[in-house]
Amino acid sequence: MAEALERGSPPARKDVQIGAADAFVWQPAAGRLSPVPKVNRVEMSLLRGIDRMRDTLVENTERFARGLPANNALLWGARGMGKSSLVKAVHAEVNAAPERTDRPLKLVEIHREDIESLPELMSIVRDDPHRFIVFCDDLSFDGDDTSYKSLKAVLEGGIEGRPENVVFYATSNRRHLLPRDMMDNERSTAINPGEAVEEKVSLSDRFGLWLGFHKCSQDEYLEMVFGYSARFGLDQDRAVLRAQALEWATTRGARSGRTAWQFIQDVAGRQGRALT
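Please read these numbers as outputs of a predicted model, since none were measured by experiment. (Residues numbered from 1 in each chain as written. Predicted model: local features only at pLDDT ≥ 70, side-chain atom pairs only at ≥ 80, totals over all residues. Heavy atoms only, no water.)

Caption draft 1: Seen up close, the side chain of His91. Along the chain, the position of His91 falls in helix α3 (residues 83-95). With a relative accessible area of 2%, His91 lands in the buried category. Sequence-distant contacts of His91, that is, excluding residues within four places in its chain, are made with Asp22, Arg41, Leu105, Lys106 and Leu107. (Helix = DSSP H or I, 4+ residues; strand = E, 2+ residues; numbered from the N terminus. Buried < 20%, exposed > 50% of the residue type's maximum accessible area, 1.4 Å probe, protein only. Contact = heavy atoms within 4.5 Å.)

Caption draft 2: Up close: the packing of helix α2 (residues 51-65) against α3. At a minimum axis distance of 10 Å, the contact between α2 and α3 shows a crossing angle of 50°. With respect to α3, the axis of α2 lies oblique. Regarding α2 and α3, the two cross each other, and that crossing is right-handed. Across the interface between the two elements, Met53, Arg54, Leu57, Val58, Thr61, Glu62 and Ala65 from α2 touch Leu86, Val87, Val90 and Val94 from α3. Taken together, the residues of the contact of α2 with α3 sort by class into 8 nonpolar, 1 polar and 2 charged. (Axes fitted to C-alpha atoms, helices over the stretch in contact; angles between N-to-C directions. Parallel < 35°, antiparallel > 145°, perpendicular 65-115°, else oblique. Left-handed = near helix turned anticlockwise from the far one by under 90°. Nonpolar A, V, L, I, M, F, W, Y, C, P; charged D, E, K, R; others polar.)

Caption draft 3: Broad picture of the pairing of strand β7 (residues 209-213). With 4 of 5 residues buried, β7 lies mostly within the body of the structure. Pairing analysis gives 5 bridges linking strand β3 (residues 73-77) to β7, with the strands arranged parallel. Looking at β7, one finds that Trp76 is bridged to Gly212. (Pairing = 2+ DSSP bridges.)

Caption draft 4: How the structure looks around the sheet that holds strand β5 (residues 132-136). Spatially, β2-β1-β4-β5-β6-β3-β7 is the arrangement adopted by the 7 strands of the open sheet, whose pairing is mixed. Pairing within the sheet leaves two strands with one partner each, and these edge strands are β2 (32-35) and β7. Direction aside, the axes of adjacent strands within the sheet are offset by 25° on average. Running over the sheet, α2 touches β3, β5, β6 (166-172) and β7 and is turned about 150° from β7.

Caption draft 5: Molecular detail of the confidence of the model for the chain. Mean pLDDT for the chain: 85, with 82% of residues reaching 70 or above. Here helix α6 (residues 180-189) is the element of the chain with the lowest mean pLDDT, 50, and strand β4 (residues 106-109) is the one with the highest, 97. Below pLDDT 50 for its whole length, residues 190-194 participates in 3 contacts with residues either more than four positions away or in separate chains. (pLDDT = per-residue confidence, 0-100.)

Caption draft 6: Structural detail: the side chain of Asp114. With respect to the helices, strands and loops of the structure, Asp114 is situated in the loop between β4 and α4 (118-125). For the buried Asp114, no salt bridge is present, and the opposite-charge side chain at shortest range is Arg112, 8.2 Å distant. When residues no more than four places from it in sequence are discounted, the contact partners of Asp114 are Trp26 and Pro28. (Lys, Arg positive; Asp, Glu negative; His and termini not counted. Salt bridge = Lys/Arg side-chain N within 4 Å of Asp/Glu carboxyl O.)

Caption draft 7: Highlighting the packing of aromatic side chains. With the rule as written, the count across this model stands at 4 aromatic pairs. Look at Phe232 and Trp261: their rings are 5.8 Å apart centre to centre, the planes differ by 55°, and that puts the pair in the tilted class. Taken together, the residues span a long stretch of sequence, with Phe232 in the loop between α8 (218-231) and α9 (238-252) and Trp261 in helix α10 (residues 257-271) at a distance of 29 residues. Classification of Phe232 by relative accessible area gives buried; the value is 12%. Exposure remark for Trp261: the relative accessible area of 27% places this residue in the partly exposed category. Through successive ring pairs, a cluster of aromatic residues spans Tyr228, Phe232 and Trp261. Looking at Arg252, its charged tip hangs above the ring of Trp248, at a distance of 3.4 Å from the centre. (Phe/Tyr/Trp six-rings, centres within 6.5 Å; stacked < 30°, edge-to-face > 60°. Lys NZ or Arg CZ within 6 Å of the ring centre and 35° of its normal.)

Caption draft 8: Highlighting the pattern of salt bridges. Here the structure, examined in full by the defined rule, presents 7 salt bridges. Two residues, Glu223 and Arg48, come together in a salt bridge whose shortest N-O distance is 3.5 Å. One end of the pair, Glu223, is in helix α8; the other, Arg48, is in the loop between β2 and α2, and 175 residues separate them in sequence. For Arg48, a relative accessible area of 26% translates into the label partly exposed. Residue Asp51 is joined to Arg54 by a salt bridge in which the shortest nitrogen-to-oxygen separation is 3.5 Å.

Caption draft 9: Summary view of the nonpolar core. Residues Leu57, Leu86, Tyr221 and Phe263 are the most contacted members of the largest nonpolar core, which totals 49 residues. In terms of residue count, the dominant contributor to this core is α8 (6 residues). Among the nonpolar cores identified, the runner-up in size contains 30 residues, and Phe24, Val108, Met122 and Val166 belong to it. (Core = buried A, V, L, I, M, F, W, Y, C linked by side-chain atoms within 4.5 Å.)

Dropping the structure here:
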């Protein structure tokens, strides 16, 4: 009977080895942080057309790393414009500072579907001497999803509040993290429409920084392409590269950093070059 009960009980939580890596993925089922040996990131110098957002996020993160007050950040806007890439690049940039070598800043990714387990993650990192960026990519809420209420409480409203050694960065295509038709539905069906909508959009108010990303111009798109080409030493005539890049963007109906990177991967593949 004892063996049967042991098999039916949840696995024991493993001790978290924070020093094992600078980046982790939160695994709520196991109640542990899984180390990421190599983060999939783009160099800061290759992120073009987002200078103001870059400088603002770097400054906020540097203050946080030094133990000074810093804000949660919501990076919202056009898809493929480097929102998640910027978070990962800023983490690497701040850790490259000489004073960070003894106690580097930690990056913890939490998946959108695991948001309700955020309080458990906070309890693990709260008393750790390191400082943590908790990062959620493509954060949004639909329909009857009420997990956003858990996030609101953790970020600002709970009795414990956000730990001093934690800052929360999220990316989303939506400024208020909720679809427009959801807010319009609240206005049409609620007894007090104003209060209903306020309750929905108050989540985004928990983010002190709102960094908006917008579609890039043709010149900015080409600047991204040429920057990637120079960084990886691709042997291609500039005029030919320009024409091919514009055709690539036209066939996909979009100009963005992601489109530029996909084009460069195609060029490198045709030339038999590795992007390292």
